[in-house]
Amino acid sequence: MRLTVAQALVRFLAAQHVERDGRRQRFFAGCLGIFGHGNVAGLGQALQQHHELLPYHPARNEQAMVHLAAGYARQRNRLGAFACTSSVGPGATNMVTGAALATINRLPVLLLPGDTFATRAPHPVLQQLEAPHDATVSVNDCFRPVCRFFDRINRPEQLVDAALAAMRVLTDPAETGAVCLALPEDVQTEVVDVPDAFLDERTWTIYRRPPAPEALARAADLVRGAQRPLVVAGGGVVYAEASGALRAFAEATGIPVGETQAGRGALPSAHPSALGAIGATGTPAANRLARDADLVIGVGTRWSDFTTASKSAFQDPGVRFVNVNVAPMDAAKNSGLALEADARLALDALREALAGHRADPAWERRAADESAAWAEEVERLYAAGHGPLPSQAEVIGAVNAAAGERDVVVCAAGSMPGDLHKLWRATDPDGKGYHVEYGYSCMGYEIPGGMGVKLAAPDREVFVMVGDGSYLMLPGELPTAVADGIKIVVVLVQNHGYASIGALSRSVGGGGYGTHYRVAGNANLPIDDGRSYDPVPVDLATNAESLGARVLRTRTIDELRAALEEAKAHSGGPVVVHVETDRYAGVPSYESWWDVPVAEVGGDEPVRAARAAYEEARRSQRTYL
Ligand SMILES: Cc1ncc(C[n+]2csc(CCOP(=O)(O)OP(=O)(O)O)c2C)c(N)n1
Ligand SMILES: [Mg+2]
């Protein structure tokens, strides 16, 4: 059949399906894009002609549209995705940050940047990077390190091979991430003879990989021999729809469960085995048990420094790891016993292999006591009655109370992810109510990411928590949410700058330098001591209103609560609830550490003191062998 490369690609994408556990569904929800000369005549024409096959959604910023796609894929447990098309040059490089985010979080996103002419006839074209040393280079080569698969379709005949390879990677849970097919603008418009079978419906079956019997037996032996075992649940638990298996495992064995950011909510917070957040932003419950654990069963975690408290979390001299993971790279970490397997199958198999075995009752009781004590601390922080401005913890408490059992909270960067990780009471039985992007922790993800979540789960209320700094980076998809009627509730927390980095700066002796937006005259004060408070007179509520959102302004927690109810009742597009908080009323860190190096020489007394404290803290860092 004679089609252009772009027409064939659009028809191919519309025909792709995935199947897991016998449930088959379409893979691509649509194509997000911004047109320029590099894609308007090729992909643009094809998307217009086939709009009923693959819906097209115009976005406002290429980075944001990739975030939207990532949020969508995560909420769909990677069984659904968006394609994203951009022009050549800046439109393409705007997607690089989004690609890195998707790849680091192991989320499938298909990127289709335009590229310069394969024929090179008119070169250099508008927006072309010329490399004197290499005629094959374009800005799209920036995608190579941040994508799990990269191809440039320089001849129409390459399309079939490239498209199939892209699908293989996107649908493989161990390999998935961003995939980039760079499409030279001339090739997009050229005729390709594709076999009919290329355009037929195609189903990619995602088989659940069982653990190798020998590895399973060894893992069971390790658990039986352990005095103080602990599970660390990561995003892989949620993606594998293994929350039920995790609960059954915890109940059968009495082994307590700590959670990473991506795995938060895998076990509902009210469960007696739930210790909640672990690591640098962990609860005292999880961190105390982690310190003493002699066997740590990581399930679907990539063991980031936040999870391991920069390798200081596990202090037992003989601590061993069992790593359940579909990705060999993660299964091998911390010199663990690699159980390369689907999380659900592995948890079920391990539970069966351990039939009759239970953790030491004293250890189990300690977990339940710590968990109950932590629930009281959350209660205290949620009801602190801080004034005159509320604390961020109280704002989180109000949102937590407003959220229904299956609703979703979305966040990515700033001081909020750590506070949410600790405080949020997760209730959804499938672990889909907590969505904090903390692989890349990318400021600006929140609004577009939340839009993707809403598109994936239209029956759930989506609460996007965003700081003023993150809001200013990427507010531009709000008009897209207005245009498409995407109902998200954005809680915009104004604290006049980077409260998180300010606190970090103070902890390394920097006094908060450069983290507080203040008017000229005192903007260059070397320290942020909490007194000289003269913020830049920005009005982000009005800014959101000007972008078409319904805006509710609040000053107190009671007003915030009322506004959240009003926002829930609102139908149609986005609602922004604006609240100002006390930037110095943070949630403390509980018996944990994060490795951020401090200047070894130079600096004033606070820096020297911070360096001394840093050297002391670093002694707790371990190499797990
Ligand atoms: C794109 C990007 N740039 C820089 C950072 C580093 N960073 C992490 S948090 C933060 C400040 C966030 O400010 P805001 O959204 O106001 O949240 P707050 O810290 O005030 O809670 C910065 C600059 C980042 N995570 N992402
Ligand atoms: Mg802020």
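Just above, that's the structure.
A brief report on the enclosed structure follows. (Residues numbered from 1 in each chain as written. Chains lettered and ligands numbered in written order. Predicted model: local features only at pLDDT ≥ 70, side-chain atom pairs only at ≥ 80, totals over all residues. Heavy atoms only, no water.)

1. Considerations on the overall build of the chain
- Looking only at helices and strands, one finds 23 helices and 23 strands in the chain.
- Over its C-alpha atoms the chain spans a radius of gyration of 25 Å, differing by no more than 12% from the 25 Å that the globule rule assigns to 625 residues.
- C-alpha extents for the chain along the principal axes are approximately 70 × 70 × 55 Å.
- Going through the 625 residues of the chain one by one, you find that 58% of them count as buried.
- The long-range fraction of contacts in the chain, counting pairs at least 24 apart against all pairs at least 6 apart in sequence, stands at 77%.
- Surface summary for the chain: the accessible area is close to 23600 Å², and the carbon and sulfur share equals 53%.
- Both charge centroids of the chain, one from 58 positive and one from 72 negative side chains, sit 3 Å from each other. (Helix = DSSP H or I, 4+ residues; strand = E, 2+ residues; numbered from the N terminus. Rg over C-alpha atoms; globule rule 2.2 N^0.38 Å. Buried < 20%, exposed > 50% of the residue type's maximum accessible area, 1.4 Å probe, protein only. Contact = heavy atoms within 4.5 Å. Areas by Shrake-Rupley, 256 points an atom, 1.4 Å probe, with all protein chains shown as cover. Lys, Arg positive; Asp, Glu negative; His and termini not counted. Charge placed at Lys NZ, Arg CZ, Asp CG, Glu CD.)

2. Describing the state of the cysteines
- Under the defined criterion, the tally for this structure stands at zero disulfides.
- No disulfide involves C147; its sulfur sits 5.1 Å from that of C180, the nearest cysteine.
- Take C180: its relative accessible area is 0%, and that puts it in the buried class. (Disulfide = S-S within 2.5 Å.)

3. Looking at the coordination of the magnesium ion (ligand 2)
- At this site the magnesium ion (ligand 2) is bound by D468 (OD), N495 (OD1) and G497 (O), with donor distances of 2.0 to 2.1 Å.
- The sequence pattern formed by the donor residues of the magnesium ion (ligand 2) is D-x26-N-x1-G. Here G497 lies in the loop between β21 (489-494) and α20 (499-507) and D468 lies in helix α18 (residues 468-473), a separation of 29 residues in the sequence.
- What makes D468 buried here is its relative accessible area of 2%. (Donors = N, O, S within 2.8 Å, 3.2 Å for Na, K, Ca; no water.)

4. So, the sheet that holds strand β12 (residues 229-233)
- What the six strands build is an open sheet, ordered β14-β13-β12-β15-β16-β17; its pairing is parallel. On the outer flanks of this sheet lie β14 (274-277) and β17 (337-340), each paired with one strand and no other. Between one strand and the next, the sheet's axes are offset by a mean angle of 20 degrees, whatever the strand orientation.
- Here strand β13 (residues 257-259) pairs with β14 via three bridges, running parallel. The residue of β14 that forms the bridge with G258 is G276.
- This element, helix α10 (residues 243-253), spans β12, β13 and β15 (295-299) of the sheet and lies at about 170 degrees to β12. (Pairing = 2+ DSSP bridges. Axes fitted to C-alpha atoms, helices over the stretch in contact; angles between N-to-C directions.)

5. Looking at the layout of surface pockets
- Put simply, the largest pocket is a space of about 1200 Å³.
- For the largest pocket, the lining is made up of 48 residues, of which S500, I501, A503, L504 and W594 are closest to its centre.
- Where the lining of the largest pocket is concerned, the elements lending two or more residues are α16 (416-423), α18, α20 and α23 (605-618).
- Of the residues that constitute the lining of the largest pocket, the class distribution is 25 nonpolar, 17 polar and six charged. (1 Å grid on protein atoms, 1.4 Å probe; cavity = no way out; pocket = protein on both sides within 12 Å on 5 of 7 lines; lining within 4 Å. Points joined across faces, edges and corners; volume = space filled by probe spheres on them. Nonpolar A, V, L, I, M, F, W, Y, C, P; charged D, E, K, R; others polar.)

6. Things to note about the site of ligand 1
- By nearness alone, 15 residues border ligand 1, and S415, S441, G469, G497 and S500 come closest of all.
- The side chain of S415 places a nitrogen or oxygen atom 2.5 Å from an oxygen atom of ligand 1.
- With respect to ligand 1, the backbone of S441 contributes an N or O atom lying 2.8 Å from a nitrogen atom.
- Here ligand 1, which alone exposes 590 Å², has 77% of that area covered by the protein. (Near = heavy atom within 4 Å. Polar contact = N/O pair within 3.5 Å; in protein donor to acceptor, adjacent residues only side chain to side chain.)

7. Considerations on the environment of S470
- Within the fold, S470 resides in helix α18.
- It is 9.8 Å that separates the C-alpha atoms of S470 and V493, two residues lying 23 residues apart in sequence.
- When near neighbours in sequence (up to four residues on either side) are disregarded, S470 contacts A413, M443, G444 and E446.
- Of the polar contacts made by the side chain of S470, one reaches the side chain of E446; its length is 3.0 Å.

8. As for the nonpolar core
- Counting residues in each nonpolar core, the largest one holds 91 residues, and the members touching the most others are F314, L420, M465 and L564.
- Excluding residues within four positions of it along the chain, L420 makes contact with R264, I396, V409, C411, Y434, V436 and M465.
- Membership of the second largest hydrophobic core comes to 55 residues, among which are L107, V410, C442 and I486. (Core = buried A, V, L, I, M, F, W, Y, C linked by side-chain atoms within 4.5 Å.)

9. Description of the packing of aromatic side chains
- Tallied over the entire structure, the rule returns 13 aromatic pairs.
- Between the aromatic rings of W593 and Y614, the centroid separation amounts to 6.3 Å while the plane-to-plane angle is 40 degrees, which identifies the pairing as tilted. Here W593, found in the loop between β23 (575-580) and α23, pairs with Y614, found in helix α23; they are 21 residues apart in sequence, far enough to count as distant. For the pair shown, W593 and Y614 are each scored as buried.
- Joined through ring pairs, the aromatic side chains of W303, F314, F321 and Y624 make up one cluster.
- Just above the ring of Y434 sits the side chain of R264; from NZ or CZ to the centre is 5.6 Å. (Phe/Tyr/Trp six-rings, centres within 6.5 Å; stacked < 30°, edge-to-face > 60°. Lys NZ or Arg CZ within 6 Å of the ring centre and 35° of its normal.)

10. Points about the pattern of salt bridges
- Per the counting criterion, the structure on display carries 40 salt bridges.
- Residue E615 is joined to R611 by a salt bridge in which the shortest nitrogen-to-oxygen separation is 2.7 Å. Highlighted residues: E615 and R611, both in helix α23, separated by four residues, approximately one helical turn.
- In this structure, E616 engages R619 in a salt bridge whose closest nitrogen and oxygen atoms are separated by 3.3 Å. (Salt bridge = Lys/Arg side-chain N within 4 Å of Asp/Glu carboxyl O.)

11. Structural notes on empty space enclosed by the protein
- One pass over the full model with this rule turns up two cavities of 30 Å³ or more.
- Space inside the largest cavity adds up to approximately 60 Å³.
- Lining the largest cavity, in full, are R74, Q75, V238, Y239, A262, G431, K432, Y434 and H435.
- Elements with a minimum of two residues in the lining of the largest cavity: α3 (62-75), α9 (235-239) and β19 (434-436).
- Tallied by class, the residues present in the lining of the largest cavity amount to four nonpolar, three polar and two charged.
- The volume enclosed by the second largest cavity comes to roughly 50 Å³.
- The wall of the second largest cavity is formed by V88, G89, G114, D115, T116, Q127, Q128, L129, S138, V139 and N140.

By themselves, these observations are geometric and do not establish any function.
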